[in-house]
Amino acid sequence: MTRHEYEVVVVGAGGAGLYAALEASRGARTAVVSKLHPMRSHTGAAQGGIGAALGNVEEDKPEWHAFDTVKGGDYLVDQRSAVILADDAVRAVYDLENRGLPFSRTPQGKIDQRRFGGHTRNHGEAPVRRSCYAADRTGHMILQTLYQQCIKNEVAFFDEFQVLDVLLEGRQAAGLVALELSTGELHLFRAKALLLATGGFGQMFRTTSNAYANTGDGPALLARRGVPLQDMEFFQFHPTGIRGLGILITEGVRGEGGILRNRRGERFMERYAPTLLDLAPRDLISRAIMEEILAGNGARGDRRIDDYVFLDATHLGKPLIEAKLPDIAEFCRTYLGLDPAEKPMPIQPTAHYAMGGIPTDLDGRVLADEAGTPIEGLYAAGECACVSVHGANRLGTNSLVDLVVFGRRAGQHIAGYVKGASLAPVGKDSAGPARERLAELKDGKKGPHGGQLRERMRDVMMEKVGIYRKGPAMAQALEELAALRQEYRAVRAQDASRVFDNDVLEILELGHLLDLALVTAASAQARTESRGGHAREDYPQRDDQRWLKHTLAWLEPGGVRLGYKGVDLSVWQPKPRTY
Ligand SMILES: Cc1cc2nc3c(=O)[nH]c(=O)nc-3n(C[C@H](O)[C@H](O)[C@H](O)COP(=O)(O)OP(=O)(O)OC[C@H]3O[C@@H](n4cnc5c(N)ncnc54)[C@H](O)[C@@H]3O)c2cc1C
């Protein structure tokens, strides 16, 4: 086993990990460990843009952005986080511009901005142009820019190394164990500070916009080490996934003027969000689509949940689509065999974004309990983290802001922390559990096929813990997930090779997804109200009296233990959420 020592080790090379590494590396020896090559990280899929109140195209203010974020999150957002997000977004976008990010421009040469769901002028008056974008390749450009800057700062990259275990020594981060995919060799990394930025876990659902690699490794590994996970019941369904595939059609299409229509050609959002229409927040539009489908207004009209509606961009014209949405046009040609300038796109909601995750404070420090006790030297940022800036529903463009604002803050905090910190001791055989697990998976016994369990899990989550939820269905989901986790213990690898052993990796990732699915279902079943992305048919109202609080969930041998903590309401008082 090869051993490494750094002051800082970052797990994940998406936008959050790279920005944190860039900041940390200014004063500390920093390494990034990633199971994918950095440029393959899922941030590269982000199409629509990054929100910042630059006011380049029309009047805008960070205060309006913060308010929209809090309202969009159905008041479960910690409000100081939202204020920091909106204030720092402006600085972050200019910082990215200065580092070379090729944003799309106005005719005057300023960064161009377009509309996005839930982003409004003056506390909800009308949609505002707040999303800064690089055509529909914004995430890809962010990755390019940050990766180059990290190379310049001599960050060490360990690409295609999959982290199998995070080592904690009491309440202090000590290191991690990773598998080098090209050799099958184990590596031990010791560090004064660890930051997890492992991205989302939409793969737990049947229909998703997320890549195969989005399996929630970071949250699951920490949950197994006794760290709680926060607000896991809130999972966002994006309204416009390509029918049957889940591949995302960016909200940027509606930002440019695209319209949702049912089988009769009606602009049905007029009935659900008369002011913001097709630019209402995602939770609301996803439910509106389901209402249309269940009322027989879907394309087929059969009222089944896999029916679909249309996103119409034909009136935008080919030149605009090719200039501002070129990748979307290409997706439509490739996956649907149609040109969006000529025909409406068939779409249905797709599991998209995890609002919950590893609880952190405003500097990315991981929190161990309801009282907010930090774990020394352990940080998280990006989609795997929950700094509680998205609450119960994230607004479009706010994830990229979250990555750069809180990734940067975490990196800066780490740079200060490591100056006075020392390496925590690690046990003699700290890689022992990871090594034993790998040996067990290859012990030659016969077991069920992991792929089949994965498919069953995805159906259970989609049907019983999806857009609409009910107590009895979730109770059934919990039973089925418990049974799947039991069966999972007998799954074995069938590939004998150690070189790029995807069989083993997929089994390990399935274990992470099953753990997170259980935590999601348990957190959702307990919350007897509807808020943001958590819509209960048996409890259709938001209940601030009982439920204006964050969930913390501990994964324990006997199941999931739940606790709760308060929401920071220091700026705005909750109001009914209408658009
Ligand atoms: C199709 C699509 C479009 C989107 N468009 C937008 C948009 O326009 N605007 C917006 O704000 N948001 C958008 N989002 C959301 C946003 O892109 C993501 O939330 C965000 O990019 C996540 O970034 P991240 O840095 O947290 O993780 P990621 O970019 O997913 O990176 C995760 C990293 O962790 C590594 N990793 C994971 N597990 C391990 C392990 N076990 N060991 C080692 N490494 C590991 C991976 O290799 C990867 O480098 C979109 C999402 C999708 C799916």
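Residues numbered from 1 in each chain as written. Predicted model: local features only at pLDDT ≥ 70, side-chain atom pairs only at ≥ 80, totals over all residues. Heavy atoms only, no water.

**Examining the nonpolar core**
We count it as follows: By nonpolar core is meant a set of buried Ala, Val, Leu, Ile, Met, Phe, Trp, Tyr and Cys residues that side-chain atoms within 4.5 Å join together. The rule is simple: take the accessible area with a 1.4 Å probe, protein chains only, and divide by the maximum for that residue type; under 20% is buried, over 50% is exposed, in between is partly exposed. Numbering goes from the N terminus for both helices and strands, where a helix is a DSSP run of H or I of at least four residues and a strand is a run of E of at least two. Marked domain ranges trace back to an automatic or database domain assignment. The contact definition used throughout considers only heavy atoms, calling two residues in contact when any of these lie within 4.5 Å.
Ranked by internal contacts, the top residues of the largest apolar core, which has 112 residues, are Val-9, Ile-249, Met-269, Met-345, Met-457 and Leu-481. By residue number, the principal contributor to this core is helix H15 (residues 502–526), which donates 14 residues. Taken domain by domain, this core gets at least three of its residues from each of domain 1 (240–349) and domain 2 (432–566). Those residues in contact with Ile-249 that lie beyond four places of it in its chain are Gln-47, His-238, Thr-240, Ile-242, Leu-311, Ile-328, Cys-332, Met-345 and Ile-347. Tyr-75, Ala-92, Cys-150 and Val-418 belong to the second largest nonpolar core, which has 61 residues in total.

**Quick notes on the side chain of Thr-43**
So the rule is basically this: Pairing of N or O atoms within 3.5 Å defines a polar contact, subject to two protein rules: one partner must be a possible hydrogen donor and the other a possible acceptor, and residues neighboring in sequence count only if both atoms are side-chain atoms.
In this structure, Thr-43 sits in the loop between strand E2 (30–34) and strand E3 (50–51). A polar side-chain atom of Thr-43 sits 3.0 Å from the main-chain amide nitrogen of Gly-15. Dropping the residues within four chain positions of it, Thr-43 is found in contact with Gly-14, Gly-15, Gly-139, His-140, Leu-143, Leu-400 and Leu-403.

**A closer look at the site of the ligand**
This is how it is decided: The nearness test applies per residue and asks whether one of its heavy atoms lies within 4 Å of the molecule or strand. By the convention adopted, Pro, Cys, Tyr, Trp, Phe, Met, Ile, Leu, Val and Ala count as nonpolar, Lys, Arg, Asp and Glu as charged, and the other residues, Gly among them, as polar.
Close contacts around the ligand come from 38 residues, with Ser-41, Thr-43, Asp-217, Glu-383 and Ser-399 the closest. One of the backbone N or O atoms of Lys-35 is found 2.9 Å from a nitrogen atom in the ligand. One of the backbone N or O atoms of Ala-197 is found 3.3 Å from an oxygen atom in the ligand. With four residues, helix H11 (residues 398–419) is the single largest residue contributor to the shell around the ligand. Here the residues of the shell around the ligand sort into 14 nonpolar, 20 polar and four charged.

**A short note on the packing of aromatic side chains**
Put simply, the rule is: The aromatic pairing rule takes the rings of Phe, Tyr and Trp, using the six-membered ring of Trp, and pairs them if the centres are within 6.5 Å, calling planes under 30 degrees apart stacked, those over 60 edge-to-face and the rest tilted. Here, a charge over a ring means that NZ of Lys or CZ of Arg falls within 6 Å of the ring centre while also lying within 35 degrees of the ring normal.
Scanning the model with the defined rule gives 14 aromatic pairs in all. Where Tyr-308 meets Phe-310, the ring centres are 5.8 Å apart and the plane angle is 80 degrees; that geometry is what we call edge-to-face. On the basis of relative accessible area, Tyr-308 is assigned to the buried category, the value being 13%. Centroid distance Phe-331 to Tyr-335: 6.1 Å. Interplanar angle 65 degrees. Geometry classified as edge-to-face. Placement of the pair is Phe-331 and Tyr-335 together in helix H10 (residues 326–336), with a separation of four residues, close to one helical turn. The class of Phe-331 is partly exposed, set by a relative accessible area of 23%. In this structure an aromatic cluster arises from ring pairing among Tyr-6, Phe-158, Phe-161 and Phe-189. Residue placement shows Arg-114 over the ring face of Tyr-133; its charged tip is 3.8 Å from the ring centre.

**Remarks on the domain arrangement of the protein chain**
Rules: Note: buried area is the sum, over both parts, of the accessible area (probe 1.4 Å) each one loses when the two are combined. Counted as salt bridges are all cases of a side-chain nitrogen of Lys or Arg within 4 Å of a carboxyl oxygen of Asp or Glu.
The assigned domain composition of the protein chain is domain 1 (240–349) and domain 2 (432–566). Relative placement of domain 1 and domain 2: their C-alpha centres are 30 Å apart. At the junction of the two partners, domain 1 supplies six residues and domain 2 supplies five residues. Summed over both partners, the interface of domain 1 with domain 2 buries about 530 Å², with 69% contributed by carbon and sulfur atoms. Taken as a group, Asp-283, Arg-287 and Met-290 account for 62% of the area that domain 1 buries against domain 2, more than any other trio of residues on that side. Inspection of the domain 1/domain 2 interface yields zero salt bridges. For the interface between domain 1 and domain 2, the tally reads two residue pairs in polar contact (both at pLDDT 80 or more). Ranked by residues supplied to the side of domain 1 that touches domain 2, first place goes to helix H8 (residues 282–294) with five residues. Looking at the side of domain 1 that touches domain 2, its residues break down into two nonpolar, one polar and three charged.

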